[in-house]
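# Close look at the chain arrangement
The primary structure of each chain is shown beneath.
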Amino acid sequence: MPEDQAAWLDQLRTGDEGAVRDMVRAYGGALVRFLGGMTGNAADAEDLAQETFLRVVSHMSEFRGEASLKTYLFKIAHNLALNHLGSARHRYEVLPGEMPDRPSPGPAPFQAASDDEEARRLRDTLVRLPSQQRAVVMLRAWEDLSFKEIAQTMSLAEGTVKAHYFFALRNLRRMMEAPHDSR
Amino acid sequence: MTHDEALRYGVAGGPRPQEAQAHLSACPECATELEALRAIEGRLARSAPRVQEVDLLAGRILAQVRRPRSRGWAIPSAAALALALGLWAAWLSRPGEKLASPAPAELASAPAVLDLSGGTDTTADLLGAYETEAASLGTVPPEALKGILSATEYGG
């Protein structure tokens with residue numbers, strides 16, 4: 001990511017190709033990772049990440065800098081993921097603490113032969129969480145967003161985000177302790 | 001304070017910190033649960049997959065960014081030209097009116113064939129239509145995805 005953020009944002013506003021490339025290099029991997037966890041599908045994650053960047057580029061003149069560019073990107077990506085998953089039905093699908101009733105559809109988004117077995121099992125369990133719990137955990141644990149930034153990203157109250165995070169951790173603990181063939 | 005409220009404070013912070021800390025200190029069950037939840041947090045932080053080959057993604061996005069820009073003036077210009085030619089042709093082809101000179105009174109009351117004051121609106125409409133089409137160009141044909149998907153890896 002360029003050191004001079006203000007100049008970089010100005011370049012992005014003019015559609016400068018170098019600045020766009022830097023933005024994708026800085027955040028592309030994180031967005032694909034997040035969207036992979038949200039959709040449960042690597043191909044959909046790539047597609048939605050591209051759509052996220054194109055939307056940001058086309059609406060960059062409206063970006064006021066009140067939130068960070070990272071938060072802005074994740075907010076758009078999260079909205080696209082929700083639309084992809086089925087719009088409002090998924091946005092309000094569970095209350096904090098509710099357990100999922102079925103695994104996410106589609107192939108596993110994270111596949112690597114050399115991956116650590118425990119990390120892989122944890123990710124496989126993570127994608128079985130309800131979408132809001134899943135989003136909060138990924139943004140917190142993987143992308144290092146603060147609870148306030150996650151609240152901005154997901155358009156939720158900060159207290160609700162914290163509740164989702166707590167119940168997500170507890171659900172993960174219980175699901176990890178359950179027999180491996182429980183899914 | 002309930003066990004859940006105390007545990008939520010323990011992993012994420014929140015209101016009534018003194019009460020929560022007092023509960024966590026006095027409740028062995030919550031202390032054990034909190035330790036387990038923090039262990040899950042640590043494992044989660046280490047489980048983030050890395051995504052590689054974002055340069056390919058950047059190339060694909062830049063190709064999409066360039067495409068509507070290169071066509072930016074072609075669509076409205078062609079549409080505006082076609083509209084102007086059509087109006088001109090229709091005006092010329094009106095039977096019996098080519099050589100006729102309208103009376104001054106008719107001129108005063110006749111509606112304008114081409115109202116120049118509406119030119120700005122017409123241009124805005126054309127640009128709006130263009131932007132709608134440009135937005136639709138943001139979608140990627142399935143065949144374009146094959147290259148990047150085959151080259152993208154998810155590693156631990």
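Attention in this report is confined to the structure presented alongside it.

Calculation criteria
- Residues numbered from 1 in each chain as written.
- Chains lettered and ligands numbered in written order.
- Predicted model: local features only at pLDDT ≥ 70, side-chain atom pairs only at ≥ 80, totals over all residues.
- Helix = DSSP H or I, 4+ residues; strand = E, 2+ residues; numbered from the N terminus.
- Buried ≥ 20, exposed ≤ 12 C-beta atoms within 10 Å, placed from the backbone.
- Contact = placed C-beta atoms within 7 Å.
- Nonpolar A, V, L, I, M, F, W, Y, C, P; charged D, E, K, R; others polar.
- Axes fitted to C-alpha atoms, helices over the stretch in contact; angles between N-to-C directions.
- Parallel < 35°, antiparallel > 145°, perpendicular 65-115°, else oblique.
- Left-handed = near helix turned anticlockwise from the far one by under 90°.
- Core = buried A, V, L, I, M, F, W, Y, C linked by C-beta atoms within 7 Å.

## Section: the overall build of chain A
- Within chain A, the regular secondary structure consists of nine helices and zero strands.
- Listed N to C, the secondary structure of chain A is α-α-α-α-α-α-α-α-α in terms of helices and strands.
- When each of the 183 residues of chain A is scored for burial, the buried share is 46%.
- Pairs at least 24 residues apart make up 67% of the contacts formed inside chain A by residues separated by at least 6 positions.

## Some words on the interface of chain B and chain A
- Contact with chain B, which involves 36 residues of that partner, is made by 43 residues of chain A.
- Broken down by secondary-structure element, the contributors of at least two residues to the side of chain B that touches chain A are α1 (3–12), α3 (28–46), β1 (50–51), α4 (54–70), α8 (142–151) and β2 (154–155) of chain B.
- Per-class residue counts for the side of chain B that touches chain A are 22 nonpolar, seven polar and seven charged.

## With respect to the packing of α1(B) against α3(B)
All names here are of chain B.
- Viewed as axis vectors pointing N to C, α1 and α3 meet at an angle of 40°, and their least axial separation amounts to 10 Å. The angle between the axes of α1 and α3 places the two elements in the oblique class. Taken as a pair, α1 and α3 cross one another with a handedness that is right-handed. The segment α1 lies against α3, with His-3, Ala-6, Leu-7, Gly-10 and Val-11 engaging Glu-29, Cys-30, Glu-33, Leu-34, Leu-37, Arg-38 and Glu-41.
- Taken together, the residues of the contact of α1 with α3 break down into six nonpolar, two polar and four charged.

## As for the nonpolar core
All names here are of chain A.
- In this structure, Val-24, Leu-31, Leu-35, Ala-49, Ala-77, Val-137 and Tyr-165 are the most contacted members of the largest nonpolar core, which totals 64 residues.
- Of all the elements, helix α2 (residues 17–39) adds the most residues to this core, at 11 residues.
- Apart from the residues within four sequence positions on either side, Leu-35 is in contact with Ala-45, Leu-48, Ala-49, Ala-77 and Ala-81.

Bear in mind that shape data such as this cannot, by itself, settle questions of function.
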